[in-house]
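Residue strings, one per chain:
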Amino acid sequence: MGADISTLFHVRSKTSGITDWHLSFLNSSAPPATRGLIILNQPFSRNLLDILWKACSWHCCADGGANRLYDLLPDDLRCWYVPDLVKGDLDSLRADVRDYYTSKDVSVVQDHDQNSTDLMKCVQSIEEKDKLESREYKIIILGGLGGRLDHAMHTLSYVYKLRHTQKKVFVVMDDNISWVLNEGQHCIHIDHDILGPTCGLLPIGVDSTILTTTGLRWNLTVEESSFDGLISTSNHLVPEEFFVTINTSRPIWWCVELSKKD
């Protein structure tokens, strides 16, 4: 029954201005598609790397992210995970890592622009690919919301601003995935083998927003959400529901836990 409802909602969404969100790239069997993976200089697991690497057709390391990729992999497998680009100011890239990827014909680009971070430099390269190939890559950022608070705030701020130029940008960590929902109506398709149970709607970047939801354990009905008032954290997906709908009057961050299966 849930699948039938989801199908009906999907058809409706094509004619009613609802933005659909599919997270098929988190499935280990997902084929490569027009997605760009940006690996940041933060810890991540081999399992998550495998899933995201296979789901993306283009791979980039932001400066020290190349060290993380190199160190995570054993010598006999490293050659199977060669990025298309290493880019940044390169103040973190180790010499041995640079030498290895250069020997594999990886483009290693040093960008000295102090007004842009390594993440911004890598996104710029994806945007150049968009124009060159006349298509839009979905952007998947591996890391960015752990470690130093100022780094996390930069990720939150920058991805929030990217909504003006990029339709779909996801930030993925081992524990959760998050992205910005622009003002309007959204339908998030839920695979309970991959997502949940906890989730949150975070009014970051706005003074307040008005939220209405379905498909959550604790739904909101025309509720104001703000840092000075209500924030829906530690909400739960409902096992019987195969999609979550969110109507927001202002852009917000949505986050949902990645399932940990034994």
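Up top you'll find the structure we're talking about.
A short tour of the structure in this document, coming up. Every value quoted in this text rests on a predicted model; they were computed, and no experiment measured them. (Residues numbered from 1 in each chain as written. Predicted model: local features only at pLDDT ≥ 70, side-chain atom pairs only at ≥ 80, totals over all residues. Heavy atoms only, no water.)

**So, the overall build of the protein**
A tally of helices and strands in the protein yields 6 helices and 15 strands. Here the C-alpha atoms of the protein give a radius of gyration of 19 Å, agreeing with the 18 Å that 2.2 N^0.38 yields for 262 residues. Expressed as a percentage of its 262 residues, the buried residues of the protein come to 49%. Restricting to contacts in the protein with at least 6 residues of sequence separation, those with at least 24 account for 70%. Roughly 12900 Å² of accessible area belongs to the protein as shown, and the carbon and sulfur atoms make up 51% of that amount. Positive and negative charge centroids in the protein, built from 25 and 35 side chains respectively, lie 4 Å apart. (Helix = DSSP H or I, 4+ residues; strand = E, 2+ residues; numbered from the N terminus. Rg over C-alpha atoms; globule rule 2.2 N^0.38 Å. Buried < 20%, exposed > 50% of the residue type's maximum accessible area, 1.4 Å probe, protein only. Contact = heavy atoms within 4.5 Å. Areas by Shrake-Rupley, 256 points an atom, 1.4 Å probe, with all protein chains shown as cover. Lys, Arg positive; Asp, Glu negative; His and termini not counted. Charge placed at Lys NZ, Arg CZ, Asp CG, Glu CD.)

**A look at helix H2 (residues 46–55)**
A turn of α-helix holds 3.6 residues, and therefore any two residues three or four places apart point the same way. Most of H2 sits inside the fold, with 7 of its 10 residues counted as buried. The complete set of buried residues in H2 reads Leu48, Leu49, Asp50, Ile51, Leu52, Trp53 and Ala55. Looking at the buried residues of H2, the elements they touch are strand E2 (33–39), strand E3 (56–62), helix H3 (65–72), strand E6 (138–142) and strand E7 (169–172).

**Examining the sheet that holds strand E11 (residues 209–214)**
Strand pairing in a sheet is mediated by backbone hydrogen bonds. Such pairs are either parallel or antiparallel. Reading across the sheet, the 5 strands line up as E1-E9-E14-E11-E12 and stay open at both edges, with mixed pairing between neighbours. Lying at the two open borders of the sheet, with one neighbouring strand each, are strand E1 (18–21) and strand E12 (223–225). Going from strand to strand, the sheet's axes swing by 30° on average, the running direction of each strand aside. In the sheet, strand E9 (residues 184–189) pairs with strand E14 (residues 243–248) via 6 bridges, with the strands oriented antiparallel. From the neighbouring strand, His186 faces E14, where its bridge partner is Ile246. (Pairing = 2+ DSSP bridges. Axes fitted to C-alpha atoms, helices over the stretch in contact; angles between N-to-C directions.)

**Points about the packing of helix H5 (residues 118–133) against helix H6 (residues 149–162)**
Between H5 and H6, whose axes approach to 11 Å, the crossing angle comes to 25°. When the axes of H5 and H6 are compared, the pair comes out roughly parallel. Two packed elements cross with a definite hand, and for H5 against H6 that hand is right-handed. Contacts between H5 and H6 pair Leu119, Met120, Val123 and Glu127 from the former with His154, Thr155, Tyr158 and Leu162 from the latter. (Parallel < 35°, antiparallel > 145°, perpendicular 65-115°, else oblique. Left-handed = near helix turned anticlockwise from the far one by under 90°.)

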